[in-house]
Amino acid sequence: MVSFNYVIKDEVGIHARPAGLLVKEAKAYGSKIVIKAGEKSAEATKLIAIMGLGAKKGTEITVEVTGDDEAAAAEGIKKFFEENL
């Protein structure tokens, strides 16, 4: 398992547009990607679950990646967050 933390910088937090792009990015990998915000967690391939995290600007999230391509998936998802959120 590979994990990393990230603080949301987007003014609106994780909202519909970047959440949709995140799902598309996550589906490009075979690994299971889970995003945790506080007590809540969501699989990165489930749009409604991601939106349900309620991650606003300043929220620290933890991303956990497990699977055959976990290193590449973690790097790709981290890059996605840095560029979009």
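Everything here concerns the structure above.
The structure displayed is predicted, hence computed values, not measured ones.

Cut-offs applied
- Residues numbered from 1 in each chain as written.
- Predicted model: local features only at pLDDT ≥ 70, side-chain atom pairs only at ≥ 80, totals over all residues.
- Heavy atoms only, no water.
- Pairing = 2+ DSSP bridges.
- Helix = DSSP H or I, 4+ residues; strand = E, 2+ residues; numbered from the N terminus.
- Axes fitted to C-alpha atoms, helices over the stretch in contact; angles between N-to-C directions.
- Contact = heavy atoms within 4.5 Å.
- Expected span 1.5 Å × (residues − 1).
- Buried < 20%, exposed > 50% of the residue type's maximum accessible area, 1.4 Å probe, protein only.
- Arc of directions from axis to C-beta.
- Salt bridge = Lys/Arg side-chain N within 4 Å of Asp/Glu carboxyl O.

### Overview of the pairing of strand β3 (residues 40-43)
Successive residues of a regular strand alternate their side chains across the two faces of the sheet.
Argument step 1. Where strand β2 (residues 32-37) and β3 come together, four bridges link them in antiparallel fashion. Looking across to β3, one finds that Ile 35 is bridged to Ala 42.
Argument step 2. Linking β2 to β3, which pair antiparallel, is a turn of two residues; within it Gly 38 sits at a positive phi near 65 degrees.

### Points about the sheet that holds strand β1 (residues 2-7)
Argument step 1. What the four strands build is an open sheet, ordered β1-β4-β2-β3; its pairing is antiparallel. Of all the strands in the sheet, the pair left with one neighbour each is β1 and β3. Taken over all neighbouring pairs, the strand axes of this sheet differ in orientation by 20 degrees on average, direction set aside.
Argument step 2. Inspection of the sheet shows β1 paired to strand β4 (residues 60-66) by six bridges, in the antiparallel sense. Bridging across to β4, Tyr 6 finds its partner in Ile 61.
Argument step 3. Contacting β1, β2 and β4, helix α3 (residues 70-84) crosses the sheet at an angle of about 5 degrees to β1.

### Describing the pairing of β4
Argument step 1. Bridge count for β2 against β4 is five bridges, and the pairing is antiparallel. Counterpart to Lys 32 in the pairing with β4 is Thr 66.

### Some thoughts on α3
Argument step 1. When the terminal C-alpha atoms of α3 are compared, their 21 Å separation across 15 residues agrees well with the 21 Å that a helix rising 1.5 Å per residue should span.
Argument step 2. Within the sequence span of α3, burial applies to Glu 70, Ala 73, Ala 74, Gly 76, Ile 77, Phe 80 and Phe 81. Projected onto a plane normal to the axis of α3, the buried residues spread over an arc of 165 degrees and lie on a single side. The outward face of α3, more than 90 degrees from its buried face, is lined by the exposed residues Ala 71, Glu 75, Glu 82 and Glu 83.

### Considering the pattern of salt bridges
Argument step 1. Applying the stated criterion across every chain, the model contains three salt bridges.
Argument step 2. Across the pair Glu 11 and Lys 57 runs a salt bridge, and its minimum N-O distance is 2.7 Å. You can see Glu 11 sitting in the loop between β1 and α1 (16-26) and its partner Lys 57 sitting in the loop between α2 (47-51) and β4, a full 46 residues away along the chain.
Argument step 3. For Lys 57, a relative accessible area of 45% corresponds to the partly exposed category.
Argument step 4. Between Glu 64 and Lys 36 there is a salt bridge, and its shortest N-O distance comes to 3.3 Å. Here Lys 36 lies in strand β2 and Glu 64 lies in strand β4, a separation of 28 residues in the sequence.

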